[in-house]
Amino acid sequence: MGKEIKKKEENEKVSLWSALKSNCYMLRISFQACPSRVIGSFVYRILQHLNGIYSSIIFWEILLGFVEKGASFSKVIPFLIFTVLLYFIIFIVFQYSNNILDPVGNQKLYEKLHVKMFEKATDSELECYENPDFYNKYMKAATQIKGRAFRVLVNISGLMISLIALVYLCYKTIQIDPVAVLFAVFPMISTYFIGKKINKLNYELYQMNIFADRKKEYVKRSIYQQDYAKELRLSNGFVLLITNFQDAVNTVIKNTKKYGFKVGLLSCFSEGLNQVFVTAGSIIYASVRLLYFKNLEISEYIVLINAITYISEILVADAACISKLQDNHMYIQNIREFFDYKPNISESQPGLSINTDDILLKMENVSFSYFGHAQEVLKDINISISKKEKIVLVGENGAGKTTLVKLLMRLYDPTKGKLTLNGNNIKEYSVKEYRNMFGTIFQDFRIFSLTVAENVLMRRMKKEDRKTVEMALKNSGVYEKVQTLPKGIETTLTKEFDSDGAVLSGGEYQKIAIARVFAKDCAIAILDEPSSALDPIAEYQMYKSMLKACENKAVVFISHRLSSAVLADRIYMLEHGRIIESGSHRELMKKNGKYAEMFRFQAGNYVKEEGA
Ligand code: ADP
């Protein structure tokens, strides 16, 4: 893998121009996110260089000017007081910037960039999460965005302001001795080339570690999330995850050792070269002119050595900066590709608006296979859903029921065939408005560490929402339980952030999740087996009250218990991705096919259970 990366890297020689463009892209994103943080960074750099130029050049020029003119000490005192005051003010400004402005700005920048990234990630179609390429890009963007934004800020502001300082320092040096500038220039060249090599090695290391880092993150996430807590305690899963974690850490250590040694050697060589050439070289050269040829004033001697040292510091920093810009480029490309990704199904995509007074949603000859899988999970499906119609999808596990409802909600687009709403292809409608037409609850629903009301509304509760929440909880049959909680519908669920938070049973959580559908003013309610934690009678009751509460809505529900299917107007039975039977309960029983066989089998089981 290392060899592959190396090969790719060699082909990808980053030009300075492309590096500048991508760094400016990142700077623009940061500026849009938090202008004050970006401006603050430039102001800081200006002050830093003013401070440096004053201490190394201007101060000595003025002081030694007084000495050479034989000025009295009293004449020097105001200058010294001015210098002390200047240093004091700059010190205060730096402290304020380091301890207040920057940390606050960093948080704002962090927040804005991450919100932008979260929005992009949730706007991308579900398929993206099944595509390892996209997922890697997302992970890279997520782990790099904050660090890169700060680095770009430091590198670009550092480079731009130091170039201005450089012009002044070169002018001062050339005034005294143009040849001396060479002492400062050489280290820049060596630092630039060695820096480039170091960046390349660091990027290779980062690429080599990314899979191991993802594995580490996965284990961390699995262990501290409540969802996995039971499973991990009751199985060998914990040991298995820890072993995977240790393997991943060992891979990172091995790679780090290998690359750390090479990077260390190169750094030592580059630093050593600079020290010898600039410090020793410029002192010897200026001393020869001062003491042997006697063609240099003492003030010129001090200013020359300080200016060369300062120029070389700036050039070395700039050379490192330039190679860091190139280094940033490789990471920014990941972030840029992620942000520039145009999802096929985007919530921000405009389109026709929907009249929900009358709806007819159809699947016409729809087939579908998941990303990267040749096998079709749905084959030639034809279904129609009209306003107020109650539809149930039944079939064995893996038959394709969940996939079908995901397509209905346009979480995926079909690979063949089309979906139409009131005669138009659903792709013509605004995705946001189209999805908003549905109230959905999935089998693997999530309860968030928020209040009961927020979990039902999936947004902050306003005063006027109270009745809606109470009605939804009543319809899903959990209102009485919620009333017994210390703060009623304002009680936080789970104890993750609130020690007074409520921990409910699996069935109660399900009912709270189901209440989301009742609370949403939607045209089509979709329930994908959210009732698995309920017993058959409770499930039957829940669907009965749901159908009553959703009188004016179309309802599509999935249930593996056919006792609930009786309640629907139309039943679609799926097998291996095909609809094998459809009709009302009565019609299908009369047909005496697969549905009737399954129904009798399940009914027999319930009778046996009751008898037992
Ligand atoms: P059901 O809801 O009827 O149990 P699903 O729609 O969940 O069935 O699954 C149908 C088939 O699609 C199964 O074989 C399942 O393994 C496969 N499948 C489901 N989700 C994915 C996915 N994200 N990627 C690949 N295959 C999937």
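That block above? That's the structure.
Residues numbered from 1 in each chain as written. Predicted model: local features only at pLDDT ≥ 70, side-chain atom pairs only at ≥ 80, totals over all residues. Heavy atoms only, no water.

Asker: I would appreciate a short explanation of the pattern of salt bridges in the present structure.
Answerer: A full pass over the atoms with the stated rule returns 15 salt bridges. A salt bridge links Arg570 to Glu389, with the shortest nitrogen-to-oxygen separation between them at 2.2 Å. Pair noted here: Arg570 is in strand β9 (residues 570-575) and Glu389 is in the loop between β2 (378-386) and β3 (390-395), with a separation of 181 residues, a long-range link. As a salt-bridge pair, Glu470 and Arg466 come within 3.9 Å of each other at their nearest N and O atoms. With Glu470 and Arg466 both in helix α13 (residues 466-476), this residue pair falls four residues apart, about one helical turn. (Salt bridge = Lys/Arg side-chain N within 4 Å of Asp/Glu carboxyl O. Helix = DSSP H or I, 4+ residues; strand = E, 2+ residues; numbered from the N terminus.)

Asker: Explanation requested: the site of the ligand in the structure shown.
Answerer: Around the ligand, a shell composed of 12 residues is seen, among which Gly398, Gly400, Lys401, Thr402 and Thr403 lie nearest. Tyr370 is positioned with one of its side-chain polar atoms (N or O) 3.3 Å from a nitrogen atom of the ligand. At 2.9 Å, a side-chain N or O of Lys401 approaches an oxygen atom of the ligand. Across the shell around the ligand, the residue classes break down as three nonpolar, six polar and three charged. (Near = heavy atom within 4 Å. Polar contact = N/O pair within 3.5 Å; in protein donor to acceptor, adjacent residues only side chain to side chain. Nonpolar A, V, L, I, M, F, W, Y, C, P; charged D, E, K, R; others polar.)

Asker: Just checking my understanding: could you explain unusual backbone geometry for this structure?
Answerer: If a residue is not glycine, its phi is most likely negative; likewise, a peptide bond is most likely trans. The backbone phi angle of Met458 is positive, close to 60°, even though this residue is not glycine. Within the fold, Met458 resides in the loop between α12 (452-457) and α13. In this structure Met458 comes out as partly exposed when scored by relative accessible area, which is 42%. (Buried < 20%, exposed > 50% of the residue type's maximum accessible area, 1.4 Å probe, protein only.)

Asker: Looking at this structure, how should I read the sheet that holds strand β5 (residues 424-425)?
Answerer: Sheet strands pair via backbone hydrogen bonds, and the direction of the pair is either parallel or antiparallel. Spatially, four strands are ordered β2-β1-β4-β5 in an open sheet, and the strand pairing comes out antiparallel. A strand with exactly one partner marks an edge of an open sheet, and here the two such strands are β2 and β5. Packed onto the sheet, helix α10 (residues 401-408) meets β1 (360-368), β2 and β4 (416-421) and runs at close to 125° relative to β1. (Pairing = 2+ DSSP bridges. Contact = heavy atoms within 4.5 Å. Axes fitted to C-alpha atoms, helices over the stretch in contact; angles between N-to-C directions.)

Asker: Would you mind going over the packing of aromatic side chains with me for this structure?
Answerer: Think of a pair of aromatic rings as described by two things: how far the centres are apart, and how the planes are tilted against each other in angle. Within this structure, the stated rule accounts for 18 aromatic pairs. When the ring of Phe183 is compared with that of Tyr285, the centres are 5.4 Å apart and the planes differ by 45°; the resulting orientation is tilted. Of this pair, Phe183 sits in helix α6 (residues 181-224) while Tyr285 sits in helix α8 (residues 237-293), and the two are 102 residues apart along the sequence. The buried category is assigned to Phe183, whose relative accessible area is 17%. By relative accessible area, which is 24% here, Tyr285 ends up partly exposed. Against the face of Phe339 rests Lys116, its NZ or CZ located 5.1 Å from the ring centre. The residue whose ring lies beneath Arg336 is Tyr25, and the NZ or CZ to ring-centre distance is 4.2 Å. (Phe/Tyr/Trp six-rings, centres within 6.5 Å; stacked < 30°, edge-to-face > 60°. Lys NZ or Arg CZ within 6 Å of the ring centre and 35° of its normal.)

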